[in-house]
Amino acid sequence: NVKEDVGSPSERWHMVFQIHEYKDFGEVWRCPPLAIEIVNKEFRVFNRWDVEKITKTDKNGCLAPNGSIQAKTVLKNVPVNYDQWQHVSIEMKVSPFDDGELNVKIADANSGVLKGGNFYNDRNPPFLKFGVYKPEGWSQSEINSNKPICAHYKNFNLKSTALIKP
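Throughout what follows, the structure given in this document is the object of discussion.

Conventions used here
- Residues numbered from 1 in each chain as written.
- Predicted model: local features only at pLDDT ≥ 70, side-chain atom pairs only at ≥ 80, totals over all residues.
- Heavy atoms only, no water.
- Helix = DSSP H or I, 4+ residues; strand = E, 2+ residues; numbered from the N terminus.
- Buried < 20%, exposed > 50% of the residue type's maximum accessible area, 1.4 Å probe, protein only.
- Contact = heavy atoms within 4.5 Å.
- Core = buried A, V, L, I, M, F, W, Y, C linked by side-chain atoms within 4.5 Å.
- Patch = residues over 30% accessible without salt bridge, like charges linked within 9 Å, V, L, I, M, F, W, Y side chains within 5 Å.
- Areas by Shrake-Rupley, 256 points an atom, 1.4 Å probe, with all protein chains shown as cover.
- Salt bridge = Lys/Arg side-chain N within 4 Å of Asp/Glu carboxyl O.
- Polar contact = N/O pair within 3.5 Å; in protein donor to acceptor, adjacent residues only side chain to side chain.
- Pairing = 2+ DSSP bridges.
- Axes fitted to C-alpha atoms, helices over the stretch in contact; angles between N-to-C directions.
- Phe/Tyr/Trp six-rings, centres within 6.5 Å; stacked < 30°, edge-to-face > 60°.
- Lys NZ or Arg CZ within 6 Å of the ring centre and 35° of its normal.

**Observations concerning the overall build of the chain**
Thinking step 1. When its secondary structure is counted, the chain shows 1 helix and 9 strands.
Thinking step 2. In sequence order, the chain lays out its α and β elements as β-β-β-β-β-β-β-β-β-α.
Thinking step 3. Counting the 166 residues in the chain, one finds 40% classified as buried.
Thinking step 4. Intrachain contacts of the chain at a sequence separation of at least 6 include 61% that bridge at least 24 residues.

Shown next as structure tokens:
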């Protein structure tokens, strides 16, 4: 359940859920492999992965020009129905390689099963992040609006058979 966002269209971007990982020793930066975002009052689901054992990037962002991270948009343009519960389902066979599978559903939108890499080739296990997050920080107009941006979660169910790689 998400309360309405504020600010100009360029400011209306934030995450409400992430599957994340800690960076491995020798890595500069770590970006979430999977993020559910709200962009201009629509859901977008973004996925990143890397087959390299040590991800090549820099402190300026996830998709550095000479970096090794690959990315795809899984779902986009899914309307947010503010103040209503919306069902979200993520089914994932975690892998940085071709054997990975990912299917994301939000309300009536369905990505279908996407095959191929969907995670980092990391030693560290993933973790979940709930809550409103904006990597670039909040604009002054968002701060001055005094309108909260809230996300509520209920009936969360996690089923795992092999999230942690041997």
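Next comes the rest of the write-up.
**Re the nonpolar core**
Thinking step 1. With 18 residues, the main nonpolar core has Ile36, Ile38, Phe43, Val45, Leu75, Val104 and Ile106 as its most contacted residues.
Thinking step 2. Among the elements of the structure, β1 (13–21), β2 (34–39), β3 (42–49), β4 (70–79) and β6 (101–106) are those that each provide at least two residues to this core.
Thinking step 3. Setting aside its immediate chain neighbours within four residues, Ile36 contacts Met15, Val16, Phe17, Phe43, Arg44, Val45, Val88, Ile90 and Ile106.

**Some thoughts on a nonpolar patch on the surface**
Thinking step 1. Among the surface-exposed residues, Leu128, Phe130, Tyr153, Phe156 and Leu158 lie close enough to one another that they form a single nonpolar patch of about 480 Å² accessible area.
Thinking step 2. Inspection of the secondary structure assignment puts Phe156 in the segment after α1 (140–144).

**Some remarks on the side chain of Glu37**
Thinking step 1. Positionally, Glu37 belongs in strand β2.
Thinking step 2. A distance of 2.6 Å separates polar atoms of two side chains, one belonging to Glu37 and the other to Arg44.
Thinking step 3. Contacts of Glu37, omitting those with residues within four sequence positions, involve Trp13, His14, Met15, Glu42, Phe43, Arg44 and Phe46.

**Here we look at the sheet that holds β3**
Thinking step 1. Judged by pairing direction, the sheet is antiparallel, and its 5 strands sit side by side in the order β4-β3-β2-β1-β9 without closing on themselves. Single-partner strands in this sheet number two, and they are β4 and β9 (126–133). For this sheet, the mean inter-axis angle between neighbouring strands, taken without regard to orientation, is 15 degrees.

**A word on the packing of aromatic side chains**
Thinking step 1. Under the defined criterion, the tally for this structure stands at 4 aromatic pairs.
Thinking step 2. Measuring from centroid to centroid gives 5.1 Å for Phe130 and Tyr153, while their planes differ by 75 degrees, and the two rings are edge-to-face. In this pair, Phe130 sits in strand β9 while Tyr153 sits in the segment after α1, placing the two residues 23 residues apart along the sequence.
Thinking step 3. Classification of Phe130 as partly exposed rests on a relative accessible area of 40%.
Thinking step 4. Site record: aromatic cluster; members linked through ring pairs are Phe17, Phe130, Tyr153 and Phe156.
Thinking step 5. The cationic tip of Arg30 hangs over the ring face of Tyr120; the distance from NZ or CZ to the ring centre is 3.8 Å.
Thinking step 6. Sitting over the face of the ring of Trp49, Lys72 holds its NZ or CZ atom 4.1 Å from the ring centroid.

**With respect to the side chain of Thr55**
Thinking step 1. Along the polypeptide, Thr55 turns up in the loop between β3 and β4.
Thinking step 2. At 2.9 Å, the side chain of Thr55 and the side chain of Asp50 are in polar contact.
Thinking step 3. Beyond its immediate sequence surroundings of up to four residues, Thr55 is in contact with Glu27, Arg30, Asp50, Ser68, Ile69 and Tyr120.

Read these as spatial facts, not as claims about activity.
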